[in-house]
Amino acid sequence: MKIRYIRFVLQCENVDFRSTLTKYIIMKALISCILFFIYSTSFTSAVQLIQGPISQKVRRGNTATLECSVTSIQTGESVVWKHVEHLGEKYVSVNHLLYVTDPELRRRYKVTWNNKKRDFHLQITDAQDIDGGLYECGYIDSRQTFMKLAQATLTLEVPMEGAPTCDVSPTKPKIGDTITLTCSAATASGLMPTPTLLWDINGREVLNQAGTTTLAYYQILQRADEGAIFRCKAISNAFAHEPFCTIIPLPRSPVATVRADKAFYKVGDNATFVCSEISGENVKYSWSKVDVDIMMTGRFELKANNRVLTITNLKQSDNNSVIECEVETPDGRLSKGAAMSIKIGTDTATTSWTAAPTMQSPLVDKSTLHPVVIVVFVLLVVAIVVILALVLIRYSRKKARRSHSKI
């Protein structure tokens, strides 16, 4: 205002008033200056921005507030909010009143203001994907022209829909193979800020990368990787918890065991054998080795999905026959065979008994004695000999003394 007024005064002061032409020009210039002054003052607003909105991120479902504080609003001017991406040139609000007609937006939008008409803060509750984008705070002047004062971007942080996915290639690797583990994390809407993906093996971190939706990890499988759990975690402020996925590229082979209902059998008995898998996995059971004679004569029964094998009417020829069971997991992992031999005892071996031998002197048969007993016996004999020798020596000395005393 002051600059335009000074220009007007200077334009009016730099005039020569001496000639008629000059007077005409002066009058015309004066009228122009007056009209310019009136036009300038009529459409110049004193609205000033005190506090504008700040770009921010908000998690879906939370509340966001975009601030706009102004001063010196003139008559006929209105403070407005615009959502450029969603509504284009349409207004969200005019002063403290909502301008949107969508019932859902009217439920979640609100303009907080004070009696001094300084603050026109746009509050968005239960933020949704549609609320993201560029917002402009400004005013409408007396010519109904929108004048932007400030702008800010609202970014929606969208939680991941489910956990990331883990894949391995090749799908059935072996020890020594190089595998590619791929972790993928994305949302259907695509509005989520890209997370940090992290691979770990049995809890030990091996690779991480920020700002990505796909992370590949390469590994040469070793014997130590059998049963190892590879886990991928997605880390972001958008997640209340860290979603993850796991994969076991090289599962441990199942371990089969077999047990019998008896240690020894007699001819004619039925022998029952049970095949088991120690980890408790859901497996298929099979008997990979059974004596040909047993198979050909049909002297066997299978029960409990082949887990239990019963061999009927045992023969003496079945003694030491080997049976073997295997287990297989649904993904094709096969165990090593668990084997057991059939033990059949004879009547003599299983029912006869032998009377205890008559006690004999250790001198009769030393081979039947325990070494300790022999040592003790020898020491005892030596001690007796020594004692007898001492007694004889003492007796000889006494006898010699008596003989000497008589002489």
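Only a predicted model underlies this, so the values are computations on that prediction, with no experimental measurement involved.

(A) Structural context of unusual backbone geometry. P170 follows S169 through a cis peptide bond whose omega is 0°. Here P170 is to be found in the loop between β12 (165-169) and β13 (178-184). A positive phi angle is found at D126, which is not glycine, with a value near 50°. Locating D126 in the fold gives a position in the loop between β9 (120-124) and β10 (133-140). By relative accessible area, which is 30% here, D126 ends up partly exposed. In the Ramachandran plot, N320 falls in the positive-phi region, its phi being about 70° despite a non-glycine side chain. Tracing the sequence through the fold places N320 in the loop between β23 (308-311) and β24 (322-328). Take N320: its relative accessible area is 42%, and that puts it in the partly exposed class.

(B) Highlighting the sheet that holds strand β3 (residues 64-66). Within the open sheet, the three strands sit side by side as β3-β9-β8. Their pairing is antiparallel. For this open sheet the edge positions go to β3 and β8 (109-113), each flanked by a neighbour on one side alone. Direction aside, neighbouring strands of the sheet carry axes that sit 25° apart on average.

(C) Structural context of the packing of aromatic side chains. Summed over all chains, the structure comprises three aromatic pairs. Here the aromatic rings of Y91 and Y99 are separated by 6.0 Å at their centres, their planes lie at 65°, and the arrangement is edge-to-face. Here the aromatic cluster, defined as three or more aromatic residues joined through ring pairs, consists of Y91, Y99 and F146. Positioned above the aromatic ring of F146, the side-chain terminus of K82 is 4.4 Å from the ring centre. The ring of F244 has R231 sitting right over it, with the charged end atom 5.7 Å from the ring centre.

(D) Expanded view of the pairing of strand β11 (residues 146-157). Note: strand β2 (residues 56-59) against β11, four bridges, orientation parallel. Its bridge partner being in β11, Q56 is matched across the sheet by L154. Here β10 runs beside β11; their pairing, made up of eight bridges, is antiparallel. The partner of G133 across the bridge, within β11, is L154. Hairpin geometry of β10 and β11 is characterised by an intervening segment of five residues between the two adjacent antiparallel strands and by a positive phi of about 65° at Q144.

(E) Representation of the nonpolar core in the model. Counting 22 residues, the largest nonpolar core has W81, L122, Y135 and L154 as its most contacted members. Looking at this core, the elements that each hand over two or more residues are β3, β5 (78-83), β8, β9, β10 and β11. In contact with L122, not counting residues within four places along its chain, are A64, T65, L66, W81, V92, K110, V111 and Y135.

(F) Structural context of the environment of A260. Within the secondary structure, A260 is located in strand β19 (residues 256-260). A260 sits in the partly exposed class, given a relative accessible area of 26%. In this structure A260 touches Y265, T272, F273 and M340, once residues within four positions along its chain are discounted.

(G) Main features of the state of the cysteines. Counted according to the given criterion, the structure contains four disulfides. A disulfide bridge connects C166 with C245, and the sulfur atoms are separated by 1.9 Å. Judged by the sign of its S-S torsion, about 75°, the bond between C166 and C245 is right-handed. In this pair, C166 sits in strand β12 while C245 sits in strand β18 (residues 244-247), placing the two residues 79 residues apart along the sequence. For the pair shown, C166 and C245 are each scored as buried.

(H) Region of interest: the sheet that holds strand β20 (residues 271-277). An order of β19-β20-β23-β22 is seen for the four strands of this open sheet, with the pairing classed as antiparallel. The open sheet is flanked by β19 and β22 (300-303), the only strands paired with a single partner. Averaged over all pairs of adjacent strands, the angle between strand axes in this sheet comes to 20°, irrespective of strand direction. Relative to β20, β19 is paired through five bridges, and the arrangement is antiparallel. Bridge assignment links A256 to a residue of β20, and that residue is E277.

Conventions adopted
- Residues numbered from 1 in each chain as written.
- Predicted model: local features only at pLDDT ≥ 70, side-chain atom pairs only at ≥ 80, totals over all residues.
- Heavy atoms only, no water.
- Helix = DSSP H or I, 4+ residues; strand = E, 2+ residues; numbered from the N terminus.
- Buried < 20%, exposed > 50% of the residue type's maximum accessible area, 1.4 Å probe, protein only.
- Pairing = 2+ DSSP bridges.
- Axes fitted to C-alpha atoms, helices over the stretch in contact; angles between N-to-C directions.
- Phe/Tyr/Trp six-rings, centres within 6.5 Å; stacked < 30°, edge-to-face > 60°.
- Lys NZ or Arg CZ within 6 Å of the ring centre and 35° of its normal.
- Core = buried A, V, L, I, M, F, W, Y, C linked by side-chain atoms within 4.5 Å.
- Contact = heavy atoms within 4.5 Å.
- Disulfide = S-S within 2.5 Å.

Structural measurements only, silent on function.
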